[in-house]
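If you want the building blocks of each chain, they are given just below.
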Amino acid sequence: MDEYMSEQEQWEALKRWVREYGRWVVVGIALGAIAVAAWRWWVSYVDARALEASAKYEQILDAFDANDHTRALTLMGELEREHPSSPYVDHANLVAARVAVERNELERAAMLLDKVMKHTKDRELSLVARLRLARVQLAQGKPDDALATLNAVEPGAFASRYHEVRGDVHYAKGDKVAALKEYQAARLADATGAVDVGRLELKIGDLLAEGVSTGSGPATASTAD
């Protein structure tokens, strides 16, 4: 306000401002309070839902550990219905796929892994599911399907593991030269210890002992320090 206005004039001006804008200030404060309360409710709701999904996932693991597959599958259905967008659904399917492989239910394992691979929102989890699917396809006697699965994406940080499984597929197809190339590529790409180096060196060493060569110069197995 103008410093030269009288106190009475200042008071009258303030009352006019309150009459004109005061209710909007009150409305704004009320809306802000409602927004804060709504946000806190939403955060609390999301946290509660995540805890529910986590608890259900733990029950699924317990059921599988107890070999109660019927209960495990029932709980998985409940988890997917009640929490369809939860990452625990993907993890439960991966666990179920592993159990299916252990029970030699390869068709079911492939179905579960394909589901995770195609529908998860987590790219890394999709790459893991794809890698496992390729191994299952190889176990099913479908090496060409396994190669197609592996070659459909850029594996990024999983390159070494993809190379090794490609090597296994080529070896199963009888192409030992291609297998050796993939195993050596896996060794070169493994900067983070993602593969079992000892196992990989055995595969490379066995092929070299058979006289297999990639034709790209002398190929020798590396030795540990």
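Refer to the preceding data block for the structure.
Note that the coordinates shown come from a computational prediction; the quantities given were computed from them, not determined experimentally.

Student: I'd like a description of the overall build of the protein chain, backed by residues and values.
Tutor: Along the protein chain, the regular secondary structure elements total nine helices and zero strands. Reading the protein chain from its N terminus to its C terminus gives the helix and strand order α-α-α-α-α-α-α-α-α. Counting every position in the protein chain, which comprises 225 residues, the buried fraction comes to 34%. Considering only intrachain contacts with a sequence separation of at least 6, the fraction spanning at least 24 residues in the protein chain is 47%. Carbon and sulfur atoms make up 55% of the accessible area of the protein chain, which totals about 14000 Å².

Student: Describe the side chain of aspartate 90, and please don't skip the residues or the numbers.
Tutor: Structurally, the position occupied by aspartate 90 is in helix H3 (residues 87-102). A polar contact of 2.8 Å, which involves the side chain of aspartate 90, links it to the side chain of threonine 120.

Student: Can you explain the packing of helix H4 (residues 106-119) against helix H5 (residues 123-139)? Please cite residues and give values.
Tutor: It is at 8 Å that the axes of H4 and H5 come closest, and there the two elements cross at 155°. Judged on the interaxial angle alone, H5 and H4 are roughly antiparallel. Crossing geometry of H4 relative to H5 is assigned as left-handed. Along the contact surface, H4 presents Leu106, Ala109, Ala110, Leu113, Asp114, Val116 and Met117, while H5 presents Leu125, Ser126, Ala129, Arg130, Arg132, Leu133, Val136 and Ala139. Looking at the contact of H4 with H5 residue by residue, the classes come out as eleven nonpolar, one polar and three charged.

Student: Talk me through H5; I want residue IDs and the actual numbers.
Tutor: Residues spaced three or four apart along an α-helix point in a common direction, a consequence of the helix completing one turn every 3.6 residues. Over its 17 residues, H5 runs 25 Å from end to end, which matches the ideal 24 Å to within 8%, given 1.5 Å per residue. Looking only at H5, the buried set comprises Leu125, Ser126, Leu127, Val128, Ala129, Arg130, Leu131, Leu133, Ala134, Val136 and Gln137. On its buried side, H5 packs onto H3, H4, helix H6 (143-151) and helix H7 (159-172). Capping the start of H5, aspartate 122 holds a side-chain oxygen 3.0 Å from the backbone nitrogen of glutamate 124, two or three residues further along. Downstream of H5 by a residue or two, glycine 141 has a phi angle that is positive, lying close to 80°.

Student: Lay out the side chain of arginine 166 with the relevant residues and their values.
Tutor: Among the structural elements, arginine 166 can be located in helix H7. No salt bridge is formed by the buried arginine 166; the nearest opposite charge belongs to glutamate 182, separated by 4.1 Å. Here arginine 166 is in contact with Leu147, Leu150, Asn151 and Glu182, once residues within four sequence places are set aside.

Student: Any details on the packing of H7 against helix H8 (residues 176-189)? Residues and values, ideally.
Tutor: Viewed as axis vectors pointing N to C, H7 and H8 meet at an angle of 165°, and their least axial separation amounts to 8 Å. Judged on the interaxial angle alone, H8 and H7 are roughly antiparallel. Judged by the sense of rotation from one axis to the other, the crossing of H7 with H8 is left-handed. Contacts between H7 and H8 involve Ala159, Ser160, His163, Glu164, Arg166, Gly167, Asp168, His170 and Tyr171 from the former and Lys176, Ala178, Ala179, Glu182, Tyr183, Ala185, Ala186 and Ala189 from the latter. Residue composition of the contact of H7 with H8, by class: eight nonpolar, four polar and five charged.

Student: How would you explain the packing of aromatic side chains if you had to name every residue and give the values?
Tutor: For the structure on display, the rule yields one aromatic pair. Geometrically, the ring pair formed by tyrosine 57 and tyrosine 88 is tilted, given 5.3 Å between the ring centres and 40° between the ring planes. Taken together, the positions of tyrosine 57 in helix H1 (residues 7-65) and tyrosine 88 in helix H3 put the pair 31 residues apart, joining distant regions of the chain. A relative accessible area of 13% means that tyrosine 57 is categorised as buried.

Student: Tell me what's going on with the nonpolar core, and back it up with residues and numbers.
Tutor: In terms of nonpolar packing, the biggest core is built from 28 residues, with Ile60 and Phe64 touching the most fellow members. Counting residues per element, this core draws most heavily on H3, at eight residues. Setting aside its immediate chain neighbours within four residues, phenylalanine 64 contacts His69, Ala72, Met76, Val95, Ala96 and Val99. Counting residues in each nonpolar core, the second largest holds eleven residues, with Leu127, Ala134, Phe158 and Val169 among its members.

Student: Go over unusual backbone geometry, please, and point to the residues and values.
Tutor: Not every positive phi belongs to a glycine, and asparagine 67 is a case in point at roughly 60°. The phi dihedral of asparagine 104 falls on the positive side, at around 60°, and the residue is not glycine. Examined against the element boundaries, asparagine 104 turns out to sit in the loop between H3 and H4. Under the relative-accessibility criterion, asparagine 104 is labelled exposed at 59%.

Rules and cut-offs
Residues numbered from 1 in each chain as written. Predicted model: local features only at pLDDT ≥ 70, side-chain atom pairs only at ≥ 80, totals over all residues. Heavy atoms only, no water. Helix = DSSP H or I, 4+ residues; strand = E, 2+ residues; numbered from the N terminus. Buried < 20%, exposed > 50% of the residue type's maximum accessible area, 1.4 Å probe, protein only. Contact = heavy atoms within 4.5 Å. Areas by Shrake-Rupley, 256 points an atom, 1.4 Å probe, with all protein chains shown as cover. Polar contact = N/O pair within 3.5 Å; in protein donor to acceptor, adjacent residues only side chain to side chain. Axes fitted to C-alpha atoms, helices over the stretch in contact; angles between N-to-C directions. Parallel < 35°, antiparallel > 145°, perpendicular 65-115°, else oblique. Left-handed = near helix turned anticlockwise from the far one by under 90°. Nonpolar A, V, L, I, M, F, W, Y, C, P; charged D, E, K, R; others polar. Expected span 1.5 Å × (residues − 1). Lys, Arg positive; Asp, Glu negative; His and termini not counted. Salt bridge = Lys/Arg side-chain N within 4 Å of Asp/Glu carboxyl O. Phe/Tyr/Trp six-rings, centres within 6.5 Å; stacked < 30°, edge-to-face > 60°. Core = buried A, V, L, I, M, F, W, Y, C linked by side-chain atoms within 4.5 Å.

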